[in-house]
Amino acid sequence: MKDRLEKYITKRKIEQSARINNSRLQKMNARFDVLQEIKQEARTTLIQRLKQSEFYKGVLKSLIIQGLIKLMEPEVTIKCRKEDVELVKEVVPETERQFNDLVKANTKIKLETRLIVNTTDFLKPQDAGVGGVVLTGLQGKIVCANTLDLRLDLCYQEFLPELRAGLFPDLAAADYKPRAPAPPTHGHGHH
């Protein structure tokens, strides 16, 4: 009788534990879905803003200059989406001048960078659906990916703890520790 009672109690505890775990998983999935919706809304808003040609030109210039600062090469090739080629070509002369002036004013390096727009090989939609650029130096040996998709992902990852804490205050306070702002990153590293 005692064995049967212990088995019954154990079985009930296992069932209760399974229900609790299932409930936790459902909650986690719901939270994940909400966070993905926020990321998608940010992406959609960014896409809408980029339809304003002057705004996008400014973004492209900034992305290119940031990449050039990382590369510091005399000749840099810019790869972009096919639909952005003409805009990139349009901003190249001014961007080149701004970067070269920046180098002269802030360094002792003698560097005149020349930009080349790749007009035969383009960024794929899965890599740069929103836009942006990938810069290469040393005949493609140094790569600086500075697409808006990568930037959006970086922002999302950086602010994920704050998003979670703001949206889901029921999460344990110990799970959320505000971080000092990360230093700005320009691109997504070298490959």
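For clarity, every value in this text was computed on a predicted model and none was experimentally measured. (Residues numbered from 1 in each chain as written. Predicted model: local features only at pLDDT ≥ 70, side-chain atom pairs only at ≥ 80, totals over all residues. Heavy atoms only, no water.)

Peer 1: Honestly, the overall build of the protein chain in this entry has me stumped. Any pointers?
Peer 2: Scanning the protein chain for helices and strands turns up five helices and four strands. Start at the N end of the protein chain and walk to the C end: the helices and strands fall as α-α-β-α-β-α-β-β-α. A total of 191 residues make up the protein chain; the buried ones form 30% of that total. Of the contacts formed within the protein chain by residues at least 6 apart in sequence, a portion of 74% connects residues at least 24 apart. Working note: accessible area of the protein chain is about 12700 Å², and carbon and sulfur atoms make up 58% of it. (Helix = DSSP H or I, 4+ residues; strand = E, 2+ residues; numbered from the N terminus. Buried < 20%, exposed > 50% of the residue type's maximum accessible area, 1.4 Å probe, protein only. Contact = heavy atoms within 4.5 Å. Areas by Shrake-Rupley, 256 points an atom, 1.4 Å probe, with all protein chains shown as cover.)

Peer 1: Looking at this model, I keep getting lost on the pattern of salt bridges. Mind explaining?
Peer 2: Where side chains of opposite charge bring their charged atoms close, a pairing between them can arise. Considering all chains together, one arrives at 14 salt bridges under this definition. Through salt bridges with shared partners, a single ionic network connects Glu54, Lys57 and Glu90. (Salt bridge = Lys/Arg side-chain N within 4 Å of Asp/Glu carboxyl O.)

Peer 1: For this particular structure, what's the right way to read the sheet that holds strand β4 (residues 142-147)?
Peer 2: Read across the open sheet, the four strands follow the order β2-β1-β3-β4; overall the sheet is mixed. Edge positions in the open sheet fall to β2 (114-117) and β4, since each of these has one partner strand only. Pairs of neighbouring strands in the sheet enclose a mean axial angle of 25°, with direction left out of account. Bridge count between strand β3 (residues 132-137) and β4: six bridges; the pairing is antiparallel. Bridge pairing links Val134 to Ala145 in β4. Here helix α2 (residues 53-71) sits on the sheet in contact with β1 (75-79), β2, β3 and β4, set at roughly 25° to β3. The sheet contacts of helix α5 (residues 148-167) involve β3 and β4, and relative to β4 the element is tilted by about 70°. (Pairing = 2+ DSSP bridges. Axes fitted to C-alpha atoms, helices over the stretch in contact; angles between N-to-C directions.)

Peer 1: I'm lost on a nonpolar patch on the surface in this one. Help?
Peer 2: Judged by side-chain polarity, Leu5, Tyr8 and Ile9 come together as a nonpolar surface patch covering roughly 290 Å² of accessible area. The residue Tyr8 is located in helix α1 (residues 2-50) in this model. (Patch = residues over 30% accessible without salt bridge, like charges linked within 9 Å, V, L, I, M, F, W, Y side chains within 5 Å.)

Peer 1: What should I look at first to understand the nonpolar core in this one?
Peer 2: Ile64, Ile78, Val88, Val133 and Leu135 are the most contacted members of the largest nonpolar core, which has 27 residues in total. Residue assignment for this core shows that the elements contributing at least two residues are α2, β1, α3 (85-106), β2 and β3. Aside from chain neighbours lying at most four places away, what touches Ile64 is Ile78, Val88, Val91, Thr95, Leu115, Val133 and Leu135. Formed by five residues, the second largest nonpolar core is a distinct cluster that contains Leu123, Ala128, Val143 and Ala145. (Core = buried A, V, L, I, M, F, W, Y, C linked by side-chain atoms within 4.5 Å.)

Peer 1: Would you mind showing me how to read the environment of Thr136 here?
Peer 2: When you line up the elements, Thr136 lands in strand β3. Residues Thr136 and Leu68, spaced 68 residues apart in sequence, show a C-alpha to C-alpha distance of 9.2 Å. Thr136 has contacts with Leu71, Glu75, Val76, Thr77, Ile142 and Val143, leaving out every residue within four places of it along the chain.

Peer 1: Is there a simple way to explain α1 in this structure?
Peer 2: Residue pairs three or four apart in sequence face the same way in an α-helix, which turns once every 3.6 residues. Counted at 1.5 Å a residue, the expected span for α1 with its 49 residues is 72 Å, and the 72 Å between its end C-alpha atoms agrees. Those residues of α1 that sit buried are Arg31, Leu35 and Leu50. Among the structural elements, α2 and α5 are those in contact with the buried residues of α1. (Expected span 1.5 Å × (residues − 1).)

Peer 1: What is the right way to look at α2 in this model?
Peer 2: Compared with the 27 Å implied by 1.5 Å per residue over 19 residues, the 27 Å span of α2 between its first and last C-alpha is a close match. Every buried residue belonging to α2 is among Tyr56, Lys57, Val59, Leu60, Leu63, Ile64, Ile65, Gln66, Gly67, Leu68 and Leu71, and all of these are buried. Where α2 ends, the next residue or the one after it, Met72, has phi of about 50°, a positive value.

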